Amino acid sequence: MPVVESYKQGTPCWVDLSSTDVEVSKKFYTELFGWELDPMDAGNGMTYYMAKLHGRKVAGMMQQMPDAPEGMPSYWANYIAVDSADDAAERAVAAGGSILFEPDDVPNGSGRMFFAIDPTGAQIGFWEAGTHPGSGLVNEPGTMIWNELQTDDVPKAVKFYEAVTGCSSDTAPAGDLQEYTSLLVDGKRIAGALKLPIEGLSPFWMTYFGVEDVDAGVARAVELGAHVIAPAFDLPGIGRMAVLMDPAGAAFSIMTGLAV
């Protein structure tokens with residue numbers, strides 16, 4: 001069981017869902033992945049639900065903030081580990097990004113975080129761990145297995161993440177793609193980046209969750225009210241995956257067999 005106690009700077013460490021209907025989302029993901037949800041006071045009358053699997057924290061979710069822009073869809077936010085949120089925020093601005101949410105402490109000493117917009121327009125969170133390092137279980141069914149930036153300018157985006165976190169990158173063919181960029185920390189592939197596969201989409205980070213069987217996972221998700229964006233397909237030499245939209249409108253992927 002791939003238990004994680006800490007994350008090196010530059011490594012995706014956490015994902016959470018901002019939902020337009022958190023009750024619908026709670027029901028969907030607990031039934032799809034077998035999560036147990038632990039409610040926590042998030043202040044201002046809001047509740048943050050910590051998703052657990054095998055007793056370990058694997059993701060979070062909450063109702064969309066009341067001041068969210070009108071029409072803002074549900075989405076999965078990705079977070080990258082940093083040693084200092086304040087220092088990383090300075091580097092993010094210097095590297096051409098903009099700060100969406102200034103560095104701030106999370107209640108109960110969990111950590112310190114900020115949100116930025118990278119130079120290509122993708123939103124990304126940065127997390128300085130306190131008592132909460134991030135996902136305590138990864139690369140298992142029902143847990144985060146991969147994080148991928150989809151953008152219209154991969155080199156520009158990658159330069160930003162390298163400047164902010166000190167990660168490195170490698171571009172090579174992968175599956176059916178002639179060009180796929182991997183982000184690396186200490187030589188280990190920890191995330192990916194590719195050109196947006198659908199013209200007109202805004203750049204974003206895609207969250208991948210592991211499943212035992214992708215086809216069965218798609219069927220179960222549809223039973224629970226999800227929509228299929230991309231039916232199950234094989235990535236030669238990598239694994240099998242599908243892209244889904246949950247009943248509250250958030251896109252995510254499921255995958256098996258990822259070799260990292």
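Worth saying up front: this structure is predicted, and the values here are computed from it rather than measured. (Residues numbered from 1 in each chain as written. Predicted model: local features only at pLDDT ≥ 70, side-chain atom pairs only at ≥ 80, totals over all residues. Heavy atoms only, no water.)

A separate point is the overall build of the protein chain. Secondary structure assignment for the protein chain yields 4 helices and 16 strands. Structurally, the protein chain occupies a C-alpha span of about 50 × 45 × 40 Å along its principal axes. Counting every position in the protein chain, which comprises 260 residues, the buried fraction comes to 48%. Considering only contacts in the protein chain between residues 6 or more positions apart, those separated by 24 or more positions represent 60%. Here the protein chain displays about 12,000 Å² of accessible surface, and carbon together with sulfur accounts for 51% of that area. Looking at charge distribution, the protein chain has the averaged site of its 15 positive side-chain charges lying 4 Å from that of its 35 negative ones. (Helix = DSSP H or I, 4+ residues; strand = E, 2+ residues; numbered from the N terminus. Buried < 20%, exposed > 50% of the residue type's maximum accessible area, 1.4 Å probe, protein only. Contact = heavy atoms within 4.5 Å. Areas by Shrake-Rupley, 256 points an atom, 1.4 Å probe, with all protein chains shown as cover. Lys, Arg positive; Asp, Glu negative; His and termini not counted. Charge placed at Lys NZ, Arg CZ, Asp CG, Glu CD.)

Evaluation of the coordinates by the stated rule reveals 12 salt bridges. Its salt-bridge partner being Asp38, residue Lys52 comes within 3.6 Å of it at the nearest N-O pair. Here Lys52, found in strand β3 (residues 46-53), pairs with Asp38, found in strand β2 (residues 36-43); they are 14 residues apart in sequence, far enough to count as distant. In this structure Lys52 comes out as partly exposed when scored by relative accessible area, which is 24%. You can call Asp38 partly exposed: its relative accessible area is 34%. Among the salt bridges present, the one from Asp105 reaches Arg112, with a minimum N-O distance of 3.0 Å. (Salt bridge = Lys/Arg side-chain N within 4 Å of Asp/Glu carboxyl O.)

We now examine the environment of Phe252. For Phe252, the position within the fold is in strand β16 (residues 251-256). Residue classification places Phe252 among the buried residues on the basis of a relative accessible area of 0%. In this structure the C-alpha to C-alpha distance between Phe252 and Ala232, which are 20 residues apart in sequence, comes to 13 Å. For Phe252, the residues in contact, after removing those within four places along its chain, are Phe28, Tyr29, Leu32, Phe33, Trp76, Met206, Thr207, Phe209, Ala242, Val243, Leu244 and Asp246.

For the structure on display, the rule yields 17 aromatic pairs. Here Tyr79 and Phe115 contribute two aromatic rings whose centre-to-centre distance is 5.3 Å and whose plane-to-plane angle is 55°, an arrangement assigned as tilted. Here Tyr79 is found in strand β5 (residues 75-81), whereas its partner Phe115 is found in strand β7 (residues 111-117), with 36 residues between them in sequence. Under the relative-accessibility criterion, Phe115 is labelled buried at 12%. Grouping aromatic residues by their ring pairs yields a cluster made of Phe28, Tyr29, Phe33, Trp35, Trp76, Phe209 and Phe252. (Phe/Tyr/Trp six-rings, centres within 6.5 Å; stacked < 30°, edge-to-face > 60°.)

A few words now on the pairing of β2. The side chains of a regular strand alternate, residue by residue, between the two faces of the sheet. Pairing geometry for β2 and β3, over 7 bridges, is antiparallel. When the sheet's bridge partners are listed, Asp41 is paired in β3 with Thr47. Between β2 and β3, which pair antiparallel one after the other, the connecting turn spans 2 residues, and Asn44 there sits at a positive phi close to 55°. (Pairing = 2+ DSSP bridges.)

Note that all results are geometric; they support no functional claim without further evidence.
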